[in-house]
Amino acid sequence: MKESDSSPPPSLAGLTERLLAFRDARDWRQFHTVKNLMLSLALEAAEVMELAQWKTDEQVDAALADPVLRHRLEEECADVLLYLLLLAERTGIDLARAAEAKIAVNEARYPIDKSRGNARKYNEL
Ligand SMILES: [Mg+2]
């Protein structure tokens, strides 16, 4: 992470390009089926959850002050993003557009006057 601290962050397209070059140099596209990418994404998300397993909210917050744990969280979050980028590339999903559209859906589902300060799902508002 230090190498990019002072430089502008890479774009999703730039990350995807670098990731595909990494994959293709190793002839791994054959293993990156849609199903395998879906499973890998979920497994990496589980590795994020593992960092909080058996801890209270307070213990998780306190643990983030530990540089070692924080680095592990950074790495697992990166793994999630990388598999998500691979899945999006393989399926032709424009992640930025899809995310933008989903935020709009959520804005409509969760009007501020009904959802502010409560955690109810949109169909229970
Ligand atoms: Mg991982």
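What comes next concerns the included structure. (Residues numbered from 1 in each chain as written. Predicted model: local features only at pLDDT ≥ 70, side-chain atom pairs only at ≥ 80, totals over all residues. Heavy atoms only, no water.)

## A word on the packing of helix α2 (residues 34–50) against helix α4 (residues 67–91)
With their axes 9 Å apart at the nearest point, α2 and α4 run at an angle of 160 degrees to one another. In terms of axis orientation, α2 runs roughly antiparallel to α4. Two packed elements cross with a definite hand, and for α2 against α4 that hand is left-handed. Contact with α2, carried on its side by V34, L37, M38, S40, L41, E44, A45, E47 and V48, involves L73, E76, C77, D79, V80, Y83, L84, L86, L87, R90 and T91 of α4 and no other residues of that element. Class assignment for the residues of the contact of α2 with α4 results in 13 nonpolar, two polar and five charged. (Axes fitted to C-alpha atoms, helices over the stretch in contact; angles between N-to-C directions. Helix = DSSP H or I, 4+ residues; strand = E, 2+ residues; numbered from the N terminus. Parallel < 35°, antiparallel > 145°, perpendicular 65-115°, else oblique. Left-handed = near helix turned anticlockwise from the far one by under 90°. Contact = heavy atoms within 4.5 Å. Nonpolar A, V, L, I, M, F, W, Y, C, P; charged D, E, K, R; others polar.)

## Re the coordination of the magnesium ion
For the magnesium ion, the protein coordination sphere consists of E44 (OE), E47 (OE), E76 (OE) and D79 (OD), at 2.1 to 2.2 Å. Within one chain, the residues donating to the magnesium ion are spaced in sequence as E-x2-E-x28-E-x2-D. On the criterion of sequence distance, the pair formed by E44 in helix α2 and E76 in helix α4 is long-range, its members being 32 residues apart. (Donors = N, O, S within 2.8 Å, 3.2 Å for Na, K, Ca; no water.)

## Considerations on a nonpolar patch on the surface
A cluster of nonpolar residues, F22, W28 and F31, forms a patch on the protein surface that exposes about 310 Å² of accessible area. Note that F22 resides in helix α1 (residues 12–25). Judged by its relative accessible area of 39%, F22 falls in the partly exposed class. (Patch = residues over 30% accessible without salt bridge, like charges linked within 9 Å, V, L, I, M, F, W, Y side chains within 5 Å. Areas by Shrake-Rupley, 256 points an atom, 1.4 Å probe, with all protein chains shown as cover. Salt bridge = Lys/Arg side-chain N within 4 Å of Asp/Glu carboxyl O. Buried < 20%, exposed > 50% of the residue type's maximum accessible area, 1.4 Å probe, protein only.)

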